Amino acid sequence: MLSADPLLQLLAIHAYRRGQFTLASGASSEHYVNCKPVTLSGRGALLLAPRLLELVEPEALAVAGLTLGADPMVSWVAHAAALAGRNLDALIVRKEAKGHGTGAWLEGPLPPTGSLITLLEDVVTTGGSALKAVHQLRAAGYVVQRVVAIVDREEGGEAALGAEALQLHSLYRLTEVAAAHG
Ligand SMILES: O=P(O)(O)OC[C@H]1O[C@H](OP(=O)(O)OP(=O)(O)O)[C@H](O)[C@@H]1O
Ligand SMILES: O=C(O)c1cc(=O)[nH]c(=O)[nH]1
């Protein structure tokens, strides 16, 4: 049965797949949620941006995320914030420092050192990718206390983030998306 929640419906139809998958952690899984067909769709952006923006800390000056899953997310959340009259910019954290030019890890309009930044993720499994981004942001002098994800697979991510003083907020659990897929 189709979910009454249009966003859950989009994720169930366009993001969730059953099969054999190798995850970022190297583990195997019979489920995969590829959020990109949703996060890169106009309707997905329209539905997701306000849902994620309301979970961003009110004092945050930027949203940041590890490329490339979080790239569209940080962009349209910053856009939604601007439409609401809020000062919130987008930052992209590279998976490795740029090998030429600036040599940067972080791209975007950098807020002052000490600013609060909320980390965005599409999927949290072990939390390793989110932590990689948080480590770069903290090394650059930013305060990160919260990770906001579309889907929490509930496979250790919340505890791993908690061990580094990070709260995980997610819109959906993998089990909900799988159930909506049917
Ligand atoms: O919590 P974790 O165990 O780290 O797994 C979740 C990560 O895996 C996916 O990224 P992926 O490495 O597939 O990269 P991509 O966004 O560049 O496709 C996803 O976008 C998360 O960042
Ligand atoms: O753990 C991962 O790599 C992972 C799982 C998943 O369901 N979706 C995703 O994008 N990454």
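Residues numbered from 1 in each chain as written. Chains lettered and ligands numbered in written order. Predicted model: local features only at pLDDT ≥ 70, side-chain atom pairs only at ≥ 80, totals over all residues. Heavy atoms only, no water.

Looking at an unreviewed UniProt entry, one finds the chain named Orotate phosphoribosyltransferase, with Synechococcus lacustris str. Tous as its source organism. In its Pathway (unreviewed entry) section, the UniProt record describing the chain reads: "Pyrimidine metabolism; UMP biosynthesis via de novo pathway; UMP from orotate: step 1/2." UniProt's Subunit (unreviewed entry) comment on the chain is quoted here verbatim: "Homodimer." (UniProt positions renumbered as here; feature names shortened; annotations may be inferred.)

Q: Could you clarify how one ought to interpret the site of ligand 2 in this entry?
A: Around ligand 2 sit L23, A24, Y32, V33, V123, T125 and R153, and those are all the residues in its vicinity. In this structure, A24 approaches ligand 2 through a main-chain N or O atom, which is 2.7 Å from an oxygen atom. Between ligand 2 and T125 there is a distance of 2.7 Å, counted from an oxygen atom to a side-chain nitrogen or oxygen. When the free accessible area of ligand 2 is taken as 290 Å², the share hidden by the protein chains comes to 90%. Placement of ligand 2 is best described as lying within the largest pocket. Tallied by class, the residues present in the shell around ligand 2 amount to five nonpolar, one polar and one charged. (Near = heavy atom within 4 Å. Polar contact = N/O pair within 3.5 Å; in protein donor to acceptor, adjacent residues only side chain to side chain. Areas by Shrake-Rupley, 256 points an atom, 1.4 Å probe, with all protein chains shown as cover. 1 Å grid on protein atoms, 1.4 Å probe; cavity = no way out; pocket = protein on both sides within 12 Å on 5 of 7 lines; lining within 4 Å. Sits in = over half its atoms within 2 Å of the grid points. Nonpolar A, V, L, I, M, F, W, Y, C, P; charged D, E, K, R; others polar.)

Q: What exactly am I supposed to notice about helix α3 (residues 42-53) here?
A: Owing to its 3.6 residues per turn, the α-helix brings residues three or four apart onto one side. Here α3 spans 17 Å end to end across 12 residues, near enough to the 16 Å set by a 1.5 Å rise per residue. Here α3 has its buried residues at G44, A45, L47, L48, A49, L52 and L53. Considering only its buried residues, α3 is in contact with α1 (6-14), α2 (36-39), α4 (71-83), β7 (143-152) and β8 (167-173). (Helix = DSSP H or I, 4+ residues; strand = E, 2+ residues; numbered from the N terminus. Expected span 1.5 Å × (residues − 1). Buried < 20%, exposed > 50% of the residue type's maximum accessible area, 1.4 Å probe, protein only. Contact = heavy atoms within 4.5 Å.)

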